Amino acid sequence: MAAAAEPEEELAHAEVLELFQEALARLVQDPLLCDLPPQVTAEEIGSQVALEYGQAMTVRVCKADGETMPVVVVQNASVLDLKKALRRHVQLRQARQGGVQHLSWKYIWRTYHLTYGGEKLADDRKKLREYGIRNRDEVSFIKKLRK
């Protein structure tokens, strides 16, 4: 005999999303995660945990105007990984601050390049550690000179 199945409680997408956001808000009160913004993403939590366990590093990307953006990448990240993480960082910041919604990253990488210790990070496949970049090092975001 089959037992009567309990009726499953179904939640609307909005309710599930609200519950998830509430759980994330409680989670970021943890001392390990307290530096994260209130509207944190699961990706940001994963990055913070990876940092704590030494599986990731923070690379500070410095713009010409003096602004520094802390970007988290895995320990064995390539230059391309850093560029993708920088893009994600900027997109999240813009979404939170209500700034420009779309940037042409193709234009940005044609116009600017990243440098470390005066050396251009020209090869996207090259690992950051091959350039000597370690945790908390600063990489500069420099406008390319016209030829």
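In this convention, every chain numbers its residues from 1, walking through the sequence in written order. The predicted nature of this model means local features are confined to residues of pLDDT at least 70 and side-chain atom pairs, given and counted, to a pLDDT of 80 or more, with totals for whole chains, interfaces and linings taken over all residues. Excluding hydrogens and water, the side-chain figures rest on all heavy atoms present in the structure.

### With respect to a nonpolar patch on the surface
Part 1 of the reasoning: Residues qualify for a patch when their relative accessible area is over 30% and they have no salt bridge, like charges being joined within 9 Å and the nonpolar side chains of Val, Leu, Ile, Met, Phe, Trp and Tyr within 5 Å. Note on areas: Shrake-Rupley with a 1.4 Å probe; residue coverage comes only from the protein chains shown. Whenever a carboxyl oxygen of Asp or Glu lies within 4 Å of a side-chain nitrogen of Lys or Arg, that contact is scored as a salt bridge. A cluster of nonpolar side chains, contributed by Leu11, Val16 and Leu19, occupies part of the molecular surface with about 250 Å² of accessible area.
Part 2 of the reasoning: Mapped onto the secondary structure, Leu19 falls in helix H1 (residues 13-27).
Part 3 of the reasoning: Classification of residues uses two cut-offs on accessible area relative to the type maximum, computed with a 1.4 Å probe and protein chains only: under 20% is buried, over 50% is exposed, and between them is partly exposed. A residue is classified by how much of its surface remains accessible, and Leu19, at 46% relative accessible area, is partly exposed. Comment: elements are numbered from the N terminus, with helices defined as DSSP H or I runs of at least four residues and strands as E runs of at least two.

### Side note on the layout of surface pockets
Part 1 of the reasoning: Each pocket or cavity is described by its volume, and for the largest pocket that value is around 720 Å³.
Part 2 of the reasoning: Looking at the lining of the largest pocket, the elements with two or more residues in it are helix H2 (42-52), strand S1 (56-62), strand S2 (68-74) and helix H3 (79-97).
Part 3 of the reasoning: The dominant element in the lining of the largest pocket, judged by the number of residues it contributes, is H3, at eight residues.
Part 4 of the reasoning: Lys, Arg, Asp and Glu make up the charged group, whereas Ala, Val, Leu, Ile, Met, Phe, Trp, Tyr, Cys and Pro make up the nonpolar group; the residues left over, Gly among them, are polar. Residue classes in the lining of the largest pocket are distributed as 13 nonpolar, five polar and eight charged.
Part 5 of the reasoning: Here a cavity is any set of points on a 1 Å grid over the protein atoms alone where a 1.4 Å probe fits but cannot get out, and a pocket is any open set with protein on both sides within 12 Å along at least 5 of 7 lines; a residue lines the site when it has an atom within 4 Å of a point. Grid points are joined across faces, edges and corners, and a volume is the space filled by probe spheres set on the points. Estimates place the volume of the second largest pocket at around 230 Å³.

### Looking at the nonpolar core
Part 1 of the reasoning: For this analysis, a nonpolar core means a set of buried residues of the types Ala, Val, Leu, Ile, Met, Phe, Trp, Tyr and Cys, connected via side-chain atoms within 4.5 Å. Formed by 22 residues in total, the largest nonpolar core has its most connected members in Val73, Leu82 and Leu128.
Part 2 of the reasoning: Secondary structure elements with two or more residues in this core: S1, S2, H3, helix H4 (105-111) and strand S5 (138-143).
Part 3 of the reasoning: It is H3 that provides the largest number of residues to this core, a total of five residues.
Part 4 of the reasoning: Here, residues are in contact when the closest pair of their heavy atoms is within 4.5 Å. Sequence-distant contacts of Leu82, that is, excluding residues within four places in its chain, are made with Val59, Val61, Val71, Val73, Leu114, Leu121 and Leu128.

### As for the pairing of S5
Part 1 of the reasoning: Strands are treated as partners if at least two bridges between them are detected by DSSP. Sheet topology places S1 next to S5; three bridges connect them, and they run parallel. Bridge assignment links Cys62 to a residue of S5, and that residue is Ser140.
Part 2 of the reasoning: Relative to S5, strand S3 (residues 112-116) is paired through four bridges, and the arrangement is antiparallel. Bridge pairing in S5 places Leu114 opposite Phe141.

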